[in-house]
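# Descriptive structure summary
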Amino acid sequence: MSSLPLSDLPGPLPACPVPAAPARSPYAPARLVRHVLTLLPLLLIGAWAAADWHTVRDGAARLAAADPWWLLAGLFFTCMGWVVAALVRQGSIPDRLPPGLLLASQFAAGAANHVLPASIGAHAVTLRFLQGQGIPLARGTASLALYSLVKPIAKTAVLLGFLIAFPELLHLGELVPDRRTLLLVAAGVVAVLVTATVLVTTVRPLRRPLLGFVRTALTDARILHTRPSRILALWGGAVATPLLQASVIASVGFALGLPLSWTQVTLALLLASTAVGAVPAPGGIGPVDAALVFTMVTFGAPMGLAAATVIGYRVLTVWVPLLPGALVLSIMVQRKIL
């Protein structure tokens, strides 16, 4: 038997404190996602530049030998295009938006528009901007729908006006699509309408939000068309958009010695974008370019010079503002404006 005084033994030893794991901030994933979104535009631009480097090099080489004053005029019309885009966006929503941030968002949306097809990138940036300004999702979506509807209507009106004013410029036998193309376009439109109708009538969860969206869109459109300033911004800006784009192309063409007038270049752009503008290519690059070259050749421009004009136009409107636009987009994401 032990002679140790058991009564003097201390009680149970205190448990060794285990260091607590550092609490993980619930905002860490959100910050990571925001940093990724900040760098994503720059990464996409780098990948696109590597894949399309020959176009950039050839266009830059041709522009280096062009008339610099006409190129400055083209750059001016390019900048005016962002201003007009901001006007149309403001005209498509009843709420007043901050002009400076709205213009910056459209500059950033231009970079996103050249990365994703069918204007998805530009619409996504604009919708995020509207939500950041406190615009409800339904009203912001209705604004995008009105914007997307007004632009082709205005462009068609401008095209019809040019055809009426200058009928001698149109070579109907060469530029009008054949019967097969018209049938394919009609079949596509009918298929879209039938699909939308079937979805609305058969899928009940879609019915209520869609009807709410339609009511919001009709209400906002009625309110906007009671305000002269909104009508001027919406429809005037939509009419000016293709004219500014044509002015950029004409300025590049004049800098390179293209033997076409501004009227011929404008009509060529209107015809080309109307014929293949619905093809979902990023920024319309590809189908519209080919159709534009073909239309200018039909009007009497040499093939090489017409192609060089289109390449120069894309360098001036896509590649020159692309990196600054991506930087503005990244800054706006970082500052939580988008």
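Let me sum up the structure you'll find in this document. (Residues numbered from 1 in each chain as written. Predicted model: local features only at pLDDT ≥ 70, side-chain atom pairs only at ≥ 80, totals over all residues. Heavy atoms only, no water.)

### Concerning the overall build of the chain
- A tally of helices and strands in the chain yields 13 helices and zero strands.
- Moving toward the C terminus, one meets the helices and strands of the chain in the order α-α-α-α-α-α-α-α-α-α-α-α-α.
- Considering the chain as a whole, with its 338 residues, one finds that 36% of them fall into the buried category.
- Sequence separation of 24 or more characterises 76% of the internal contacts of the chain that already satisfy a separation of 6 or more. (Helix = DSSP H or I, 4+ residues; strand = E, 2+ residues; numbered from the N terminus. Buried < 20%, exposed > 50% of the residue type's maximum accessible area, 1.4 Å probe, protein only. Contact = heavy atoms within 4.5 Å.)

### Some details on the nonpolar core
- By size, the foremost hydrophobic cluster in this structure holds 38 residues, and its most contacted members are Leu-258, Leu-260, Leu-267, Leu-292 and Met-296.
- Every element with two or more residues in this core is listed here: α6 (137-165), α10 (228-256), α11 (262-276), α12 (287-298) and α13 (303-334).
- By residue number, the principal contributor to this core is α13, which donates nine residues.
- One finds Ala-108, Ala-122, Leu-329 and Met-332 within the second-largest nonpolar core, a separate group that totals 16 residues. (Core = buried A, V, L, I, M, F, W, Y, C linked by side-chain atoms within 4.5 Å.)

### Some remarks on α13
- In this model, α13 (32 residues) spans 45 Å end to end at C-alpha, consistent with the 46 Å of a helix rising 1.5 Å per residue.
- Phi turns positive, to about 65°, at Lys-336, one or two residues after α13. (Expected span 1.5 Å × (residues − 1).)

### Here we look at empty space enclosed by the protein
- The full count for this structure, using the stated rule, is one cavity of 30 Å³ or more.
- For the largest cavity, the calculated volume is near 30 Å³.
- Every residue along the wall of the largest cavity is listed here: Ser-92, Ala-142, Ser-143, Leu-146, Ala-217, Asp-220, Ala-221 and Leu-224.
- If you list the elements that add at least two residues to the lining of the largest cavity, you get α6 and α9 (204-224).
- Examining the composition of the lining of the largest cavity, we find that four residues originate from one element, α9, more than from any other. (1 Å grid on protein atoms, 1.4 Å probe; cavity = no way out; pocket = protein on both sides within 12 Å on 5 of 7 lines; lining within 4 Å. Points joined across faces, edges and corners; volume = space filled by probe spheres on them.)

### Let's talk about the packing of helix α3 (residues 68-91) against α13
- The interhelical angle for the contact between α3 and α13, taken along N-to-C directions, is 70°, at an axis separation of 10 Å. Between α3 and α13, the interaxial angle falls into the category roughly perpendicular. Contacts between α3 and α13 involve Leu-71, Gly-74, Leu-75, Thr-78 and Trp-82 from the former and Leu-316, Thr-317 and Pro-321 from the latter.
- By residue class, the composition of the contact of α3 with α13 is five nonpolar, three polar and no charged. (Axes fitted to C-alpha atoms, helices over the stretch in contact; angles between N-to-C directions. Parallel < 35°, antiparallel > 145°, perpendicular 65-115°, else oblique. Nonpolar A, V, L, I, M, F, W, Y, C, P; charged D, E, K, R; others polar.)

### Describing the side chain of Gln-264
- Within the secondary structure layout, Gln-264 lies in helix α11.
- Not counting residues up to four positions away in its chain, the partners in contact with Gln-264 are Leu-169, Pro-259 and Phe-299.

### Here's the deal with the packing of aromatic side chains
- Using the criterion set out here, one finds five aromatic pairs in the structure.
- Look at Trp-70 and Phe-254: their rings are 5.0 Å apart centre to centre, the planes differ by 65°, and that puts the pair in the edge-to-face class. In this pair, Trp-70 is assigned in helix α3 and Phe-254 in helix α10, connecting sequence segments 184 residues apart.
- In this structure Trp-70 comes out as partly exposed when scored by relative accessible area, which is 35%.
- Residue Phe-254 is classed as partly exposed on the basis of its relative accessible area of 27%.
- Lying across the ring of Tyr-147, Arg-89 places its NZ or CZ 3.7 Å from the centre. (Phe/Tyr/Trp six-rings, centres within 6.5 Å; stacked < 30°, edge-to-face > 60°. Lys NZ or Arg CZ within 6 Å of the ring centre and 35° of its normal.)

### Observations concerning the environment of Asp-220
- Within the fold, Asp-220 resides in helix α9.
- Exposure remark for Asp-220: the relative accessible area of 5% places this residue in the buried category.
- Expressed as a C-alpha distance, the spacing of Asp-220 and Ala-142, which sit 78 residues apart in the sequence, is 7.8 Å.
- With residues up to four places along the chain from it excluded, the contact list for Asp-220 reads Pro-94 and Arg-139.

### What about the environment of Pro-287?
- On the secondary structure map, Pro-287 appears in helix α12.
- The class of Pro-287 is partly exposed, set by a relative accessible area of 25%.
- Each C-alpha atom of the pair Pro-287 and Ser-273 lies 8.7 Å from the other, and the pair is 14 residues apart in sequence.

### Describing unusual backbone geometry
- Of note, Lys-336 is a non-glycine position whose phi angle comes to about 65°, a positive value.
- Along the chain, Lys-336 falls in the segment after α13.

### Here's the deal with the environment of Leu-270
- With respect to the secondary-structure elements, Leu-270 resides in helix α11.
- In this structure, the C-alpha to C-alpha distance between Leu-270 and Leu-292, residues 22 residues apart in sequence, is 8.9 Å.

### Description of helix α5 (residues 120-132)
- In this model, α5 (13 residues) spans 18 Å end to end at C-alpha, consistent with the 18 Å of a helix rising 1.5 Å per residue.
- Listed as buried for α5 are Gly-121, Ala-122, His-123, Val-125, Thr-126, Leu-127, Phe-129 and Leu-130.
- On its buried face, α5 sits against α3, α4 (99-113), α6 and α13.
- One or two steps after α5, the chain reaches Gly-134, where phi turns positive at roughly 90°.

### Quick notes on a nonpolar patch on the surface
- Judged by side-chain polarity, Phe-76, Met-80, Val-83, Leu-87 and Leu-103 come together as a nonpolar surface patch covering roughly 400 Å² of accessible area.
- Of all the elements, α3 adds the most residues to the nonpolar patch, at four residues. (Patch = residues over 30% accessible without salt bridge, like charges linked within 9 Å, V, L, I, M, F, W, Y side chains within 5 Å. Areas by Shrake-Rupley, 256 points an atom, 1.4 Å probe, with all protein chains shown as cover. Salt bridge = Lys/Arg side-chain N within 4 Å of Asp/Glu carboxyl O.)

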